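Descriptive analysis of the structure
What follows is the residue order along each chain.
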Amino acid sequence: MRTKIVAGNWKMNTSVAEGELLVRQIDFLLKDNTAPVEVIVAPPFTHLVSIASILKDNDSKVVLAAQNCAYKESGAYTGEVSVKMLKDLGCKYIIIGHSERREYFKESNEDLKQKMELVLNNGMHPIFCIGENLQEREENRHFEVVAEQIKDVLYSFKGADVANVVLAYEPVWAIGTGKTASAAQAEEMHAYIRRVVADKFKGYADEIPILYGGSCKPSNAQEIFEGDNVDGGLIGGASLVAQDFVAIIKALV
Ligand code: 13P
């Protein structure tokens, strides 16, 4: 059985106080929820210490992710945050290769490979984001682009490592645009992604959760999650409203 996951990527939003309130609300709304879903929040770095302590005090089942990490282990890299530091704070997951990082911060597949290696070597789980942009979809190159993103980064690892990876298919044209992939488009791509993973990691592909991300909200979550290969969601905007985030989580079961 693959783990079902809903992860909230807060991006560069909320003050610390707002983030603390948000996580308290999410935890409260999930208190009686026994559904087998791994619920993850990925607040900004600056919020991780206090949110980790709230989750601990509340004996919460919600777990922490970081939105990014350094591609080097430690040393003179001003402004960077290492995987070990994030592990220290209690992060279980780290988002790697979000399209905003690829686009605005010019992260290359080589950078992502180094990050992935550090995350895996530290016993944590990368949430590895892949997805085509609008032009690539319009040119009907979306399968090719996504396959390349997987091959360039994942194929150099061992199957046992890849078993610890979570994949997130986020079509760039659907992120923050209000435009979602249809349930059929999502399932078609997720099934394809699983085949590309299986080509190299036969015994592991069926165990890897593949999340959908891009304008997922309470009104469309259930339909998108119906696909056999859609194991949950990576949620941006809607994860900033506790009721909406929890409604998406409940739509998964
Ligand atoms: P939105 O849900 O705001 O479209 O963002 C998706 C996303 O980028 C999650 O990582």
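Residues numbered from 1 in each chain as written. Predicted model: local features only at pLDDT ≥ 70, side-chain atom pairs only at ≥ 80, totals over all residues. Heavy atoms only, no water.

**As for the overall build of the chain**
Basically, it comes down to this: What counts as a helix is a DSSP run of H or I of at least four residues, what counts as a strand is a run of E of at least two, and both are numbered from the N terminus. Computation of the radius of gyration draws on C-alpha atoms, with the globule rule given as 2.2 Å multiplied by the number of residues to the power 0.38. A 1.4 Å probe rolled over the protein chains alone gives each residue an accessible area, and that area as a share of the maximum for its type sets the label: buried under 20%, exposed over 50%, partly exposed in between. Here a residue-residue contact requires only that any non-hydrogen atoms of the pair lie within 4.5 Å.
When you go through the chain residue by residue, the secondary structure sums to eleven helices and eight strands. Relative to its length of 253 residues, the chain is compact, with a C-alpha radius of gyration of 17 Å against a globular reference of 18 Å. C-alpha extents for the chain along the principal axes are approximately 45 × 45 × 35 Å. When the 253 residues of the chain are sorted by exposure, 53% land in the buried category. Across the chain, contacts joining residues at least 24 apart in sequence account for 73% of those joining residues at least 6 apart.

**A closer look at the packing of aromatic side chains**
We apply this condition: Each Phe, Tyr or Trp ring, with Trp reduced to its six-membered ring, pairs with another whose centre is within 6.5 Å; inter-plane angles below 30 degrees give stacked pairs, above 60 give edge-to-face pairs, and intermediate values give tilted ones. Charge-over-ring placement is defined geometrically: NZ (Lys) or CZ (Arg) within 6 Å of the ring centre, and within 35 degrees of the ring normal.
The full count for this structure, using the stated rule, is three aromatic pairs. Here the aromatic rings of tyrosine 155 and phenylalanine 201 are separated by 6.0 Å at their centres, their planes lie at 90°, and the arrangement is edge-to-face. Placement of the pair is tyrosine 155 in the loop between helix H7 (142-154) and helix H8 (159-162) and phenylalanine 201 in the loop between helix H9 (183-200) and strand E7 (210-212), with a sequence separation of 46 residues. An identical accessibility class is assigned to tyrosine 155 and phenylalanine 201; each is buried. Sitting above the plane of the phenylalanine 105 ring, arginine 101 keeps its charged end 4.2 Å from the centroid.

**Brief notes about the site of the ligand**
Test applied: The criterion for a residue being near a molecule or strand is simple. One of its heavy atoms has to lie within 4 Å of it. Here a polar contact means two N or O atoms within 3.5 Å. Within protein one must be a hydrogen donor candidate and the other an acceptor candidate, and residues neighboring in sequence count only if both atoms are side-chain atoms. Each accessible area is a Shrake-Rupley result for a 1.4 Å probe, and residues are judged covered by the shown protein chains and nothing else.
Close to the ligand lie Asn9, Lys11, His98, Glu170, Ala174, Ile175, Gly176, Gly214, Ser215, Leu234, Gly236 and Gly237. Between the ligand and histidine 98 there is a distance of 2.8 Å, counted from an oxygen atom to a side-chain nitrogen or oxygen. The contact in question runs from an oxygen atom of the ligand to an N or O atom on the backbone of serine 215, over 2.7 Å. Taken by itself the ligand offers 310 Å² of open surface, and the protein chains cover 94% of this.

**With respect to the packing of helix H1 (residues 16-29) against helix H11 (residues 242-251)**
Here is the rule: Note on method: axes are straight lines fitted to C-alpha atoms, helices fitted across the in-contact stretch only, with angles between N-to-C directions ranging 0 to 180 degrees. Roughly parallel refers to an angle under 35 degrees, roughly antiparallel to one over 145, roughly perpendicular to one between 65 and 115, and oblique to any angle outside these ranges. For any pair of crossing helices, the crossing counts as left-handed if the nearer helix is rotated counterclockwise from the farther one by less than a right angle, and right-handed if it is rotated clockwise. In the scheme used here, Gly and all other residues not listed as nonpolar or charged are polar, with Ala, Val, Leu, Ile, Met, Phe, Trp, Tyr, Cys and Pro taken as nonpolar and Asp, Glu, Lys and Arg as charged.
Packing of H1 against H11 leaves a shortest axis separation of 9 Å and a crossing angle of 40°. One element, H1, and the other, H11, form an angle in the oblique class. Here H1 and H11 pass one another in a crossing that is right-handed. When H1 is examined against H11, the residues Leu22, Gln25, Ile26 and Leu29 are found in contact with a partner set consisting of Ala242, Gln243, Phe245, Val246 and Lys250. Here the contact of H1 with H11 is built from residues that sort into six nonpolar, two polar and one charged.

**Description of the nonpolar core**
Cut-off, in case you're wondering: The definition of a nonpolar core used throughout is a set of buried Ala, Val, Leu, Ile, Met, Phe, Trp, Tyr and Cys residues joined through side-chain atoms within 4.5 Å.
Residues Phe128 and Ile193 are the most contacted members of the largest nonpolar core, which totals 70 residues. Look past the residues within four positions of isoleucine 193 in its chain and what remains in contact with it is Ile130, Val146, Ile150, Leu167, Tyr169 and Ile210. By size, the runner-up hydrophobic cluster in this structure holds 14 residues, among which are Ile40, Ile95, Val166 and Leu234.

**A look at the pairing of strand E5 (residues 125-130)**
Filter applied, for reference: If DSSP finds at least two bridges between two strands, the strands pair.
Most of E5 is tucked away: five of the six residues are buried. Strand direction decides the pairing type here: E5 and strand E6 (residues 166-169), joined by four bridges, are parallel. Bridging across to E6, cysteine 129 finds its partner in alanine 168.

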